[in-house]
Amino acid sequence: MTTVLIADDQPMQRFGFRILLESQDDMTVVGEASNGAEAVRLVDALRPDVVLMDIRMPGLDGIEATRRIIATGARSRVLIVTTFDLDAYAYDGLRAGASGFLVKDARPEELLAGIRAVAAGDAVVAPSLTRRLLDAYIHHLPQAAPTEEPRPEDPRLAALTDREREILTVIGQGWTNTEIAARLHLAESTVKTHVSRVLAKTGARDRVQAVILAYDAQLVAPA
């Protein structure tokens, strides 16, 4: 059973989410929060599998709430819900540690599939859309001045084999597991094993965070 906490400042929105989620045999809503501070407190108390996190809430917003939840090391995964599919705030939410994002007007089946994917440890955002999002807001990242010495290699890459580094690079380029298998002439089961090892060795919570790492480590340049 997947347990879900709904964090949204709109009562009718929370009600709609609750009705949809509790119509499923494999989901239950364990709590509701109307602001970010309440969401952080309830995650600590209830330990839900997934938090549906609105971005714009009074007081502590959804981005900072996500950052605080992830910083505690809680096993709860955050799924950002936002009004626009390329909202800059959604980018910030992913940077804060969210496992993905969906638009609020997503079809019910998309929302349910997203929750199930996040609960299983997968990323909700499609790889190609993840890259589009990061490319659109790559200017948020600090850029080194041309006169500076090259940055030292990101220590999170140190434990990766050459093949795993290659896998991380193509994840950052938006390739799916199927595309990786076809282009690198690997079995898809082998690709899944490599991806799992990359996530474990780098400490990335999911594929979205691996894409962000690939950008941070300069394995991938913005398009």
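Note: the structure precedes this text.
Residues numbered from 1 in each chain as written. Predicted model: local features only at pLDDT ≥ 70, side-chain atom pairs only at ≥ 80, totals over all residues. Heavy atoms only, no water.

Participant: Would you mind going over the pairing of strand E1 (residues 2-7) in detail, with residue names and values included?
Facilitator: Within E1, six of the six residues are buried, which leaves the element mostly enclosed by the surrounding structure. Burial along E1 is two-sided: the residues Thr2, Val4 and Ile6 and Thr3, Leu5 and Ala7 are all buried. With six bridges connecting them, E1 and strand E2 (residues 27-33) associate as parallel partners. Bridged to Val4 within E2 is Val29. (Buried < 20%, exposed > 50% of the residue type's maximum accessible area, 1.4 Å probe, protein only. Helix = DSSP H or I, 4+ residues; strand = E, 2+ residues; numbered from the N terminus. Pairing = 2+ DSSP bridges.)

Participant: Describe the environment of Thr83, and please don't skip the residues or the numbers.
Facilitator: Relative to the assigned elements, Thr83 resides in the loop between strand E4 (77-82) and helix H4 (88-96). In sequence terms Thr83 and Asp105 are 22 residues apart; their C-alpha atoms lie 7.6 Å from each other. Beyond its immediate stretch of four places on either side in the chain, Thr83 contacts Arg56 and Val103. (Contact = heavy atoms within 4.5 Å.)

Participant: Tell me about the environment of Ile63, residues and numbers included.
Facilitator: Take Ile63: it is sitting in helix H3 (residues 62-71). A sequence separation of 17 residues divides Ile63 from Ile80, and the C-alpha atoms of the two residues are 8.6 Å apart. Excluding residues within four positions of it along the chain, Ile63 makes contact with Ile55, Tyr89, Asp92, Gly93 and Ala96.

Participant: Describe a nonpolar patch on the surface, naming the residues involved and giving the relevant values.
Facilitator: Taken together, the side chains of Met12, Phe15 and Ile19 present a nonpolar region at the surface, about 360 Å² in accessible area. In this structure, Phe15 sits in helix H1 (residues 11-22). (Patch = residues over 30% accessible without salt bridge, like charges linked within 9 Å, V, L, I, M, F, W, Y side chains within 5 Å. Areas by Shrake-Rupley, 256 points an atom, 1.4 Å probe, with all protein chains shown as cover. Salt bridge = Lys/Arg side-chain N within 4 Å of Asp/Glu carboxyl O.)

Participant: Break down the packing of H1 against helix H5 (residues 108-119) for me, with residues and values.
Facilitator: To characterise two packed helices, one gives the angle between the axes of the helices and the distance between these axes. Contact geometry for H1 and H5: axes closest at 11 Å, N-to-C directions at 75°. Put simply, H1 runs roughly perpendicular to H5. Residues Phe17, Leu20 and Leu21 of H1 form the contact with H5, whose participating residues are Pro108, Leu111, Leu112 and Ile115. Classifying every residue of the contact of H1 with H5 gives seven nonpolar, no polar and no charged. (Axes fitted to C-alpha atoms, helices over the stretch in contact; angles between N-to-C directions. Parallel < 35°, antiparallel > 145°, perpendicular 65-115°, else oblique. Nonpolar A, V, L, I, M, F, W, Y, C, P; charged D, E, K, R; others polar.)

Participant: Tell me about H1, and please be specific about residues and values.
Facilitator: The terminal C-alpha atoms of H1, which comprises 12 residues, lie 16 Å apart, in line with the 16 Å expected from a rise of 1.5 Å per residue. Looking at H1, one finds that the buried residues are Arg14, Phe17, Leu20 and Leu21. The arc that holds the buried residues of H1, viewed along the axis, is 130°, so those residues lie on one side. Exposed residues pointing more than 90 degrees away from the buried face of H1 are listed as Pro11 and Met12. (Expected span 1.5 Å × (residues − 1). Arc of directions from axis to C-beta.)

Participant: Kindly report on the sheet that holds strand E5 (residues 100-103), identifying the contributing residues and their values.
Facilitator: Across the sheet, five strands lie side by side as E2-E1-E3-E4-E5; this open sheet has parallel pairing. The open sheet is flanked by E2 and E5, the only strands paired with a single partner. On average, adjacent strands in this sheet sit at an angle of 25° to one another, irrespective of strand direction.

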